[in-house]
Amino acid sequence: MDVLLQPFRWVYRGLVWFANSPRTLITSYLLMIVVAGVIYSHVEHKSATDSVWWAVVTASTVGYGDISPTTGAGRALAALLISTMVLLVIPLITAHFASQLIVDDDAFEHDEQEELKADVRRMRALLEELAARQGITLPPEPPLPPPSGRQRARKFRG
């Protein structure tokens, strides 16, 4: 089962890498426009400027209709360009900018969390030592909360 899921993991990791780099997103968008424009100019026998204009209008899904494909290959290219932009590139750009806007400045960094956990462990050890000296029995530690979905997923991956 793990072997069957491996390609999906690779695609997912690639998308995460892709989405976390604005430079990569913008470069890929521009590259798609240029490549689609070049292919369109060859397939539809249009000028380079008209073809790039068509690619921008098509990729943005505005579709003015001033230039449109007439051949099957041109229509297939348009469908591929629109699908790629609507289903992949635009959502990734939106997700990237949304993630930049939703930042909790008060959240603890990983190192800070680890330091706090170590401090609590030291305080617990000191408290147990003091209680033992005084002959006091401490109440048992409360049970740990169930792991969150992310922690459970890590457990299964190993």
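Our structure's up above, just so we're on the same page.
Thresholds, definitions, all that
- Residues numbered from 1 in each chain as written.
- Predicted model: local features only at pLDDT ≥ 70, side-chain atom pairs only at ≥ 80, totals over all residues.
- Heavy atoms only, no water.
- Core = buried A, V, L, I, M, F, W, Y, C linked by side-chain atoms within 4.5 Å.
- Buried < 20%, exposed > 50% of the residue type's maximum accessible area, 1.4 Å probe, protein only.
- Helix = DSSP H or I, 4+ residues; strand = E, 2+ residues; numbered from the N terminus.
- Contact = heavy atoms within 4.5 Å.
- Phe/Tyr/Trp six-rings, centres within 6.5 Å; stacked < 30°, edge-to-face > 60°.

Caption draft 1: Structural detail: the nonpolar core. Formed by Ile33, Ala36, Tyr40, Trp54, Ala55, Ala59, Ile67, Leu77, Ala78, Leu81, Met85 and Val89, the largest nonpolar core amounts to 12 residues. At the level of secondary structure, the elements contributing two or more residues to this core comprise helix H2 (22-44), helix H3 (48-59) and helix H4 (72-101). No other element matches the five residues that H4 contributes to this core. In this structure Val89 touches Tyr29, Met32 and Thr84, once residues within four positions along its chain are discounted.

Caption draft 2: The arrangement of the packing of aromatic side chains in detail. Scanning all chains against the criterion turns up two aromatic pairs. On the basis of an interplanar angle of 10° and a centroid distance of 3.9 Å, the ring pair of Tyr40 and Trp54 is categorised as stacked. Residue Tyr40 is found in helix H2, and its partner Trp54 is found in helix H3; the two are separated by 14 residues along the sequence. The exposure classification of Tyr40 matches that of Trp54, with both residues buried.

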